[in-house]
Amino acid sequence: MDMCMTEATASLLQVEETFSACLARIDALILKPLLQAEPSDQKGKENFKLFLLLNDRFQALWNLTEENYRILKQKCSNSESFCIQDIYTVWKGDLFLSLYIQYFVTFANYVVVHGFEHATKSKSEAWKHHKTVLKQFLTDFTSETSISLALYTVLHKPIRDHIEQYILLLTKLNEVLKEGSEKDVVTSAIKEYVKLESFISQVLDEACFTKSLWKSLGYKFTDMLCVPERRLLEDSKNLPISASTNRSDRILLFDDVLVLIQGNSFQSFDLKLVWVDENCREKSAPGLYGLRIITPEETFFFSAKDPQMKAVWQWKLNQAVRQALNGKRDFPLWGKTGEGTDPPSCRIFTYVFRLEGKFKNASYEGEWHLGKPHGKGTLKWCNGRNHVGDFKEGLEHGFGICLVPCQSEDRYDCYKCHWYEGKMRGYGICEYGNDMVYKGYFKDNVRQGFGILENLSAEHPFKYTGQWENDKKNGYGVWEDKDRGERYIGTWLDDHKHGQGIVVTQSGVCYQRTFHADKMVGSGILLLEDDSVYEGNFTEDLMFVGKGKLSFANGFILEGTFTNKSGQGLQTHGILNTSNEQLDDRITKAQLGLKEFPVEKRWKGIYDQFLEFIHSGCKEETEESFTGFHIQTSKELRKSQEYLFCQRGTEDVSWKTEDILEELVQHQGLESQQSYLEKALKSSLHPLGKLLKALMIAFQATYSGIGANRHLLTMAQEEVKYYAKKIWEFYQGLLHLALEQKGQLPAKAMDGDTSDQKACSVVLPLILPCFYPELFMLYMLYHEREDELYCQGIMDLSLFPDIKLLEFLDVQKHLWPLKDLTLTTNQRRSLIKDKCFLSATECLQKLITTVDPWEKLVILQKTYEEIESTVSRVVEKDYRLPMDDLLPLLMYVVSRAKIQHLGAEIHLIRDLMDPANKGGLYDFLLTALESCYEHIQRMRLHQRENCHTTHSS
């Protein structure tokens, strides 16, 4: 073994010594003289730069050979034992391969540009003087008489021969090595050097092939196409194939571009953006075999006369494309036909569109598929417009952000929207350059469906929430003019108030009119803050004009013709009727908008989107497009997209669309159903939660702030009920879809429950907290006068000590809990307050701590039970309170509980309670509470009338 290693090392030392001496002669007799002969013409200068690089590569090879020789010689002189690690060409094989590859690639580049031909034509004196010596040297290497050809041979043949010697030496060594790791290392090294031989051969063949092409083509083509690094891989003159009819006379496949030549012109296509489709049904003529060539803006066909020729072109095209995408050639350049994988159909690249179309002159950087932008990408136009987002088959599709420069000033409209087949469609946020912001739905690049437009500038702030059609306000919508302190609730046509409308002002005045192109027409009803009501014609400044009827809060009615002259105030000619003592509640508390705006026609834009989402099969990629209205800021929008297109954490998994549908099927029992709905409605990621968020926005836009007007109570109340109905319907729609996908049938409704009953009993309690602040405010305003009278009555009753109050309310004495009146020193029983029925009082006070009507009824029931429990304790037996006893006792508890807005509470419970509770115990107790409330009001009213009578007399 050691003997073999010693012989191999000695042989290698001799080979390296000989090769190094050869390289020294080449350097001295060829390279140095050529380096002194620097040309003066432009073409020659360009070639000379390439020759300088070739010289650098040569010197690197020579230095490596010298280093290898020096290490081997040192080992031999020290008489050390040799091992495989001493074979430098094996252990430093990668370095050897790298330097040889660099040298031959640069050498081939020099060949392609006719470098040796230009060098030998040098007119420098140094070169002329050296020619004779050079010729003598060259005859030792080659019989070529042409100096350029001889130079070509000398600068590559000795180096190739040296590689063969490496292979021979390593092969001999390998034959005597025993099986093991050392033999494996040597075997691997031999394979790499054999590949290098093949690589060099192919590189030189390609260089000569390419050089011949540049010689045969005209100067025009050569000047434009010839690049030192470019290699011709195939030529249709050598391997016949034709392009689409009249497309080209000649097809050239290079390692970086595909060139079609026709006459005196040519087209080139970057291979990184060329796709080859063999499944080409289209044939240019019968009997021909076609390939479809796809590029970003053009598709054409190649036709071959036989399948073998088609297969060769297809293979060469695919390998050239793959290697261009990799950014480097294979090693070796070509394997056997059929080897090598096809290039990926999905790629990432930058391209500037040239042809006419929507992308003309735009630069696209991003993902491609079969010649079209597909996946994530960025489009940029010269005018500053750009689009970043998702693309599909060459068009914007999915979520995208588009910046469009404004013409007049240095500002941009920024669209953050969902796109469908190249057009905006679905939910988006647009921040316009004029400080306006639109949040809502688009279709075919225009605002369509439900949306909010807000002007954030300080000059004319406004906000529109409602329906859009063809980029204009159309249908039902709410407009808030923050300058005027007004809110318009009504219908629109082409950006104008048109049809029935309600205007609510900051001062509390409210009116309903018919509008035509923003102008009020016909008569209307004007509800003033002091409870006066005017029916007739009036101006935008609320000045009475023409015929009308003014009903005062005290019952007086003025009917006639009204005029308003400057400086003279209101004048009228008519009849004043003073016979009525008080205006009817139906007038002072008139409810507006019920007939004019049926609840099912409000906010159709929100419902339509959700319905479309269900009809589309609830595809996850379209979810945000249909149901994205829970997103109200750009930051939220970005987070939403990150949520959709990234790996989700385990906490979010249950809200993936397929999981939502799966979980729906598992929660069909009543309790399970309620639990599921509660969780879904609280989540900003569940479609039902998103729907609820959109409805909250619409509700607040209508009834909060300026919209808090008692004349809108019934509108608001029926709207909340309708929300519950629609949410239940959509829940059922999701459930049906989930069951359908599993091949199951939906279960029949139990106990004859209708959709409305389910909505009221299951959904309404869950969504009511979201609308409660605005809704309860409307109830308080509506019942403000009654609650004020009631509160005054409560204040009067609170002055009574417990015994006096029980007596005053006609509570039977045997029911008085006198034992609860614990006395302290110097305290009289008759003066003790707030001790009787204390548990019932504290229970009733909890009425204001919940928003759910059913929970409020339960509190009322517990109050009743506490009263009965106290009475049973007093009479020392179970006692069922008859109505005659209950009312005075409940009156006592109500007066001590001091609930401020009891009227509003009672009517909210009455209006929103589950219909199933009507006629039962809960209904009875609520009626009893209502009787107490009304009785306390009447007591105060009688007291006020008595005072008024006393003062009058």
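Please refer to the structure placed before this passage.
All values reported here derive from a predicted model rather than from experimental measurement.

**Student:** Quick rundown of the overall build of the protein? Include the residues and the values.
**Tutor:** The helix and strand inventory of the protein stands at 27 helices and 27 strands. A sequence separation of at least 24 residues applies to 52% of the contacts in the protein between residues at least 6 apart. If you sum the accessible surface of the protein, you get close to 46800 Å²; carbon and sulfur atoms cover 51% of it.

**Student:** I'd love a proper account of the packing of aromatic side chains, names of residues and values included.
**Tutor:** As enumerated under the stated definition, the model contains 55 aromatic pairs in all. Ring geometry for Y464 and W492: centres 5.2 Å apart, planes at 80°, overall edge-to-face. Of this pair, Y464 sits in strand 18 (residues 462–469) while W492 sits in strand 20 (residues 486–493); the two residues are 28 residues apart in sequence, bridging distant segments of the chain. An aromatic cluster is built from Y415, Y432, Y438, F442, F462, Y464, W468, W479, Y488, W492 and F515, whose rings are joined through pairwise contacts. Sitting over the ring of F254, R230 keeps its end group 5.8 Å from the ring centre. Directly above the ring of Y464 sits K473, whose terminal nitrogen or CZ lies 5.6 Å from the centroid.

**Student:** Requested: an account of the nonpolar core, with residues and values cited.
**Tutor:** One recurring pattern in soluble globular proteins is that nonpolar side chains are buried together. In this structure, I502, W603, L688, I727, I767 and L775 are the most contacted members of the largest nonpolar core, which totals 76 residues. A total of 16 residues in this core trace back to one element, the largest contributor, which is helix 19 (residues 713–741). The residues touching I767, leaving out its near neighbours within four places in the chain, are L681, L692, V720, Y723, A724 and I727.

**Student:** Got a sec to walk through helix 26 (residues 902–912)? Specific residues and values, please.
**Tutor:** With respect to burial, helix 26 is a largely interior element, eight of its eleven residues being buried. Taken as a whole, helix 26 has its buried residues at L902, G903, A904, E905, I906, L908, I909 and L912.

**Student:** So, the pattern of salt bridges: which residues are in play, and what are the values?
**Tutor:** Counting across every chain of the model gives 37 salt bridges. Salt-bridge contacts for D495 lead to K473; the nearest nitrogen and oxygen are separated by 3.3 Å. Here the residue D495 occupies a position in the loop between strand 20 and strand 21 (496–505), and K473 occupies one in strand 19 (residues 472–481), the gap between them amounting to 22 residues. Look at the salt bridges and you will find they share partners, linking E206, D255 and R329 into a network.

**Student:** Lay out the sheet that holds strand 8 (residues 299–304) in plain terms, naming residues and giving numbers.
**Tutor:** Ordered in space as 2-8-7-6, the four strands form an open sheet in which the pairing is antiparallel. Strands at the two margins of the open sheet, each flanked by one partner only, are strand 2 (242–243) and strand 6 (275–277). Alignment of strand 6 against strand 7 (residues 289–294), held across three bridges, turns out to be antiparallel. Within strand 7, the position partnered with D277 by the bridge is R292. Contacts from helix 11 (residues 307–326) reach strand 6, strand 7 and strand 8, with the element oriented near 20° to strand 7.

**Student:** Now, about unusual backbone geometry: what can you tell me, with residues and values included?
**Tutor:** Residues other than glycine seldom take positive phi values, yet H114 does so here, at roughly 55°. Secondary-structure assignment places H114 in the loop between helix 4 (93–112) and helix 5 (115–120). Its identity is not glycine, yet E876 carries a phi of approximately 60°, on the positive side. If you trace the backbone, E876 turns up in the loop between helix 24 (853–875) and helix 25 (883–897). In this structure E876 comes out as exposed when scored by relative accessible area, which is 63%.

What counts and what doesn't
- Residues numbered from 1 in each chain as written.
- Predicted model: local features only at pLDDT ≥ 70, side-chain atom pairs only at ≥ 80, totals over all residues.
- Heavy atoms only, no water.
- Helix = DSSP H or I, 4+ residues; strand = E, 2+ residues; numbered from the N terminus.
- Contact = heavy atoms within 4.5 Å.
- Areas by Shrake-Rupley, 256 points an atom, 1.4 Å probe, with all protein chains shown as cover.
- Phe/Tyr/Trp six-rings, centres within 6.5 Å; stacked < 30°, edge-to-face > 60°.
- Lys NZ or Arg CZ within 6 Å of the ring centre and 35° of its normal.
- Core = buried A, V, L, I, M, F, W, Y, C linked by side-chain atoms within 4.5 Å.
- Buried < 20%, exposed > 50% of the residue type's maximum accessible area, 1.4 Å probe, protein only.
- Salt bridge = Lys/Arg side-chain N within 4 Å of Asp/Glu carboxyl O.
- Pairing = 2+ DSSP bridges.
- Axes fitted to C-alpha atoms, helices over the stretch in contact; angles between N-to-C directions.

Shape is all these values report; function is a separate question.
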